[in-house]
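# Descriptive analysis of the structure
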Amino acid sequence: MTSRLLLALPFFTVVVLIVLGLAVMLSKRNVVKILMGLSLMESAVNLFLVATGYRHDSVAPIYTNVPAGPMALPTVQALTLTSIVIGVATSAMLLSFAMVIYRKYGTTDIQKIKKLKG
Amino acid sequence: MDTFVMRHLPALLIAVPLLAAFLMPIVGGAGRVVRNAWVVLGALATSAVGLALAWKVLAAGTVLYVFGAAAPHVPLPMDSGGIPIRIIFQVDALSALMVVIASLSSLGITIYSLAAESRQSGLETFYAMLFLLVAGVLGMVSTGDLFNFFVFLEISSLAGAALVAYRVDNGVAVEAGLKYALLSTLGALAVLTAIGILIGQYNALNLATLASRMQFTTLDKIALVLLAVPLAMKCGAVPMHFWTPDAYATAPSSVTAFLVVSSQASLYGLFRILFSLYGDLVHFSWATFGWFLIVLGVLSMFVGVTMAIPQKDVKRLMAYHAVSQTGYMLLGVGVGLAVLGNADALAQYGKTAMAGGLFHIINHAMYKGLLFLTAGAVFYRTGTRNLNKLGGLGHDMPWTMVFFMIGALAIAGVPPFNGFASKLLIYESVFRFSPFLSIVAMIVSILTLASFVKVFHSMFLGPRRAEFAAVREVPVPMLAGMALLAVFVVAAGLAPQPFVDRLIQPAVEALVDRAGYIAAILGGN
Amino acid sequence: MKMTKIVRTTADLFFPFCLVFGLYVVVHGHLTPGGGFQGGAVMATGTALLLVARAYDDVTGRIRKGAMKVCEAAGLLIFLCAGFSGLFAGRPFMANWIARDGALFRTAIAHGPNAGDLNTAGLLPLLNFGVGIEVLGGLTVILLYMLSGIKEEKKK
């Protein structure tokens, strides 16, 4: 029973991180903090992807000097890596947008950045 | 025609725009003329490859391309035990339709942007991003692998957001880009979670393999919701359409015309997931999912057009109309999905409804692109998008006025333009499904016409205004780009039957035929 | 504000080790965990260390935007040309045609657990290298542009 709970621990962490990330995105007013919340959610989804690949008692999927036993799935790890790269590019672009908005509007408060209406 | 190029068309479809994008900073450093020449070369090459691929698919059936294998058309390697293990591009008739839309549209807008953006700086980055956006959209519609679809979705979202914010415009465009990027990223995270759920259950990423192993458990239902809602958001369906007016209004006009195509690529993704991945398994929820699309469609149509009427910014108004027209596509294909289990209803009006929806996709890309390009032409000469300040431009911009009239009559569904052809298919088939929906569609069409009569009057009719005395017609590249789209609008309106028979009907058949989609890769299992 | 001499000297000493470790991660991508993006990110961390320790004007003497942009473009071109080379060898795009009978990296990989041979896996080390220098160039360019943006703020 406890071992099943332990195996499900990564998935609990994913849910907690997603809820935290959403809470940050919805409640903070500074643009940079909202982007931090987005980054938290991205980490949560990456953790979910990697945790999906675990098989019982498996080792890392590398052939160099590997001990015997089943291997965890490598394809989900490739998916996670791609997602991390996309996350880096997205964060870089969004932070640059935040810098330009600060320079043009003079504020980072998301409730004051509302020139587009209707 | 088994030449080198024809054999490797799907790979060239992605590789050519990527090559154009990657070499742009280097080539662009050599001067304006060299850069423009490279841009035109890249656009022509991409469109040629796209149209050639579509022609090959419509003539010979689904085209498969396996990346990195021993031969491009063998999806099941000998030593894999019957599982397709590589990224496979599966271009069937529906993908061919979307590739045609993307190719024609990208050619038109790239030629247009040569003149329209010539006053901006940093154009190497602009064109690199534009080619990345084109590559992303082309990849989204041709791939047969779910994670590859996610990657291309993200590529096109990021490139699109960068292009929306390109004209900084005192920060307004950057604000729109920020909103667009935030919403796209959230949606993409949901899609990625759904992909994680599906690979955890079935250990496959290939759409055909997933479809053949799909059992529609509770987790699959969660994955369906997590896939369908973000894709509906990306195409601007109503409860989630708030990014559309901001992003479309502040982006450069050539980019807006292509963002319309990008939204339709997400619509393609939604249809592919609903029909080919889940398909017949949605037994008891047949009515539910079809009605989900129908409700989204009706809401989009109605909310889009009512919010468009009081707008003063012409591109914002057109963006709301884009939301409204997306409703027509959702309505048509939703009616098809709702009767998919019922064979004779499908044959009588379901397939016609779907044909109307799919024909509307290509028509909308063409006439909405044309309208955005004319709005951009007006902005290029007068410097404003505010309808209260414009007026009397018909005297000095006759060609722009003619193109605007063609686009406006097409969107309102007036014969002999292409909007009428697709809307007629939708009206008559949806009427047999539910008369009320058809009447709502017709009312929305009338309101669209009213809205565009108002815009036409404000922009082009009336006496010349003093501040626009120096306004002349726009340069030739912009006229050429608009003319390319206008020719399609008129041609598909005067003779829609060949388009429907050769382009749309095969797409409808491909969408409905889930077993055929699976068999193309797994070979009839 | 200026960083102390200890910080600046340590950063200067540490920077080449960062680059070497990053290249190690890139080159051994087909044997050990790592590969193109990870190694490139480690290398970019080295440049980020230099950027943090020194003022913008000091750093741009050594790490120029132009050189990093060339790195980025060269990495992307290596990647695409490796993909196209598969086409010219008669296989599909991005096929690993030099794995068994090409000039480099041609040793076949032994089955099962083994000690790992660097001279294997065909096209993959080339792709890793291309991605590695592309990521180094790309991330450094992002950092340099953001730093120059802050510099403009201070000037105003």
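Every value quoted in this text rests on a predicted model; they were computed, and no experiment measured them.

### A look at the overall build of chain B
Across its full length, chain B carries 20 helices and two strands. A compact globule built from 525 residues would reach a C-alpha radius of gyration of about 24 Å, and chain B, at 22 Å, matches this within 12%. Along the three orthogonal principal directions, the C-alpha set of chain B runs to about 75 × 60 × 40 Å. For chain B, the proportion of its 525 residues judged to be buried stands at 64%. For chain B, the proportion of contacts with a sequence separation of at least 24, taken over those separated by at least 6, is 81%.

### Some thoughts on the overall build of chain A
Across its full length, chain A holds four helices and zero strands. If you list the helices and strands of chain A from N to C, you get α-α-α-α. In terms of overall dimensions, chain A is more spread out than a globule: its C-alpha atoms have a radius of gyration of 19 Å, far above the 13 Å expected for 118 residues. Counting only C-alpha atoms and orienting by the principal axes, one finds that chain A spans roughly 60 × 35 × 25 Å. Looking at chain A as a whole, 25% of its 118 residues are labelled buried. Partitioning the contacts of chain A with sequence separation of at least 6, the portion at a separation of at least 24 is 50%.

### Looking at helix α3 (residues 31–52) of chain A
With 22 residues, α3(A) should reach 32 Å at 1.5 Å per residue; the first-to-last C-alpha distance of 32 Å fits that figure. Of the surrounding elements, those touching the buried residues of α3(A) are α2 (9–27) and α4 (75–105) of chain A together with α7 (172–202) of chain B.

### Regarding the domain arrangement of chain B
Residues and elements named next belong to chain B. Each domain of chain B was delimited in the assignment, giving domain 1 (1–276 + 506–525) and domain 2 (283–494). Once you take the C-alpha centre of each, domain 1 and domain 2 turn out to be 23 Å apart. The interface of domain 1 with domain 2 comprises 35 residues on the first partner and 41 residues on the second. Taken together, the elements giving at least two residues each to the side of domain 1 that touches domain 2 come down to α4 (93–116), α10 (243–250), α11 (253–278) and α19 (496–512). The leading source of residues in the side of domain 1 that touches domain 2 is α4, at 12 residues. Residues of the side of domain 1 that touches domain 2, tallied by class, amount to 26 nonpolar, nine polar and no charged.

### Some points on the interface of chain B and chain A
At the interface, 27 residues of chain B touch 25 residues of chain A. Elements with a minimum of two residues in the side of chain B that touches chain A: α6 (146–164) and α7 of chain B. The element contributing the most residues to the side of chain B that touches chain A is α7(B), with 15 residues. When grouped by side-chain class, the residues that make up the side of chain B that touches chain A number 16 nonpolar, eight polar and three charged.

### Details of the pairing of strand β2 (residues 88–91) of chain B
Residues and elements named next belong to chain B. Residues I88 and Q90 line one face of β2 and the alternating positions F89 and V91 line the opposite face, and both faces are buried. Sheet topology note: the strand β1 (residues 63–66)/β2 ladder contains four bridges and is antiparallel. Along β2, the bridge assignment pairs V66 with I88.

### Considering α11(B)
All names here are of chain B. Here α11 spans 37 Å end to end across 26 residues, near enough to the 38 Å set by a 1.5 Å rise per residue. A maximum bend of about 30 degrees is found in α11 at R272. The buried fraction of α11 is high, at 26 of 26 residues.

### Description of the packing of α6(B) against α7(B)
All names here are of chain B. Packing of α6 against α7 leaves a shortest axis separation of 8 Å and a crossing angle of 175 degrees. What the angle tells us is that α6 and α7 run roughly antiparallel. Two secondary-structure elements touch here, α6 through L146, F147, F150, L153, E154, S157, G160, A161 and V164 and α7 through A173, A176, G177, Y180, A181, S184, A188, V191, L192, I195 and L198. Among the residues forming the contact of α6 with α7, the class breakdown is 15 nonpolar, four polar and one charged.

### Here we look at the nonpolar core
In this structure, B:L97, B:L331, B:L370 and B:V489 are the most contacted members of the largest nonpolar core, which totals 278 residues. Ranked by residues supplied to this core, first place goes to helix α14 (residues 343–382) of chain B with 19 residues.

### Observations regarding the environment of B:V314
Residue and element names in this part refer to chain B. Among the secondary structure elements, V314 is positioned in helix α13 (residues 314–338). Distance from V314 to P17, taken between C-alpha atoms, is 31 Å for residues 297 residues apart in sequence. For V314, the contacting residues outside a window of four places in its chain are A375, R385, L387, V455 and M459.

### Re unusual backbone geometry
Residue B:P415 is joined to B:P416 through a cis peptide bond whose omega torsion reads 5 degrees. With respect to the helices, strands and loops of the structure, B:P416 is situated in the loop between α15 (398–412) and α16 (418–433). Even without a glycine there, the phi angle at B:N203 is positive, about 55 degrees. When you line up the elements, B:N203 lands in the loop between α7 and α8 (207–213). For C:M94, which is not glycine, the phi dihedral falls at a positive 65 degrees. You can see C:M94 is positioned in the loop between α4 (65–88) and α5 (98–101). Among the residues examined, C:M94 registers 23 C-beta atoms within 10 Å and is labelled buried.

### Describing the packing of α16(B) against helix α18 (residues 476–494) of chain B
All names here are of chain B. One can describe the packing of α16 onto α18 by two numbers: an axis separation of 6 Å at closest approach and a directional angle of 50 degrees. In terms of axis orientation, α16 runs oblique to α18. On α18, the residues that touch N418, F420 and A421 of α16 are V489, A492 and G493. Classifying every residue of the contact of α16 with α18 by side-chain character gives four nonpolar, two polar and no charged.

### A look at the environment of C:G75
In this fold, C:G75 is placed in helix α4. A C-alpha to C-alpha distance of 4.2 Å links C:G75 and C:G130, two positions 55 residues apart in sequence.

### Examining the confidence of the model for chain B
Residues and elements named next belong to chain B. For chain B, the average pLDDT comes to 89, and 97% of its residues sit at 70 or higher. Ranking the elements of chain B by mean pLDDT puts helix α1 (residues 4–7) last, at 80, and α6 first, at 95. Scoring the predicted complex yields pTM 0.94 and, for the interface, ipTM 0.94.

What counts and what doesn't
Sequence order as written defines residue numbering, which begins from 1 separately in each chain. Just so you know, chain letters begin at A and ligand numbers begin at 1, following the order they were written in. This being a predicted model, a pLDDT of at least 70 is required before a residue's local features are given, and a value of 80 or more before pairs of side-chain atoms are given or counted; all residues contribute to the totals for chains, interfaces and linings. In this text, helices come from DSSP runs of H or I with a minimum length of four residues, and strands from runs of E with a minimum of two, each type numbered from the N-terminal end. For a compact globule the rule gives 2.2 Å times the number of residues to the power 0.38, and the radius of gyration it is set against comes from C-alpha atoms. With C-beta atoms placed from the backbone, a residue is buried if 20 or more other C-beta atoms are within 10 Å of its own, exposed if 12 or fewer are, and partly exposed between those counts. For every residue pair, C-beta atoms are placed from the backbone, and the pair is scored as a contact if these atoms sit within 7 Å. For a helix, the expected span equals 1.5 Å multiplied by the residue count minus one. Throughout the structure description, domain borders are defined by an automatic or database domain assignment. The residue classification treats Ala, Val, Leu, Ile, Met, Phe, Trp, Tyr, Cys and Pro as nonpolar and Asp, Glu, Lys and Arg as charged. All others, Gly included, are polar. Strand pairing follows a simple DSSP-based rule, namely that at least 2 bridges must link the two strands. Bend is the name given here to the angle between axes fitted to two runs of seven residues, the run ending at a residue and the run starting at it. Fitted lines through C-alpha atoms serve as axes, helices being fitted only where they are in contact, and the angles separating the N-to-C directions of these axes extend from 0 to 180 degrees. For classification purposes, angles smaller than 35 degrees are called roughly parallel, those larger than 145 roughly antiparallel, those between 65 and 115 roughly perpendicular, and all remaining angles oblique. Under the definition applied here, buried Ala, Val, Leu, Ile, Met, Phe, Trp, Tyr and Cys residues are grouped into a nonpolar core through C-beta atoms within 7 Å. For every residue, the predictor reports its confidence as pLDDT, a number between 0 and 100.

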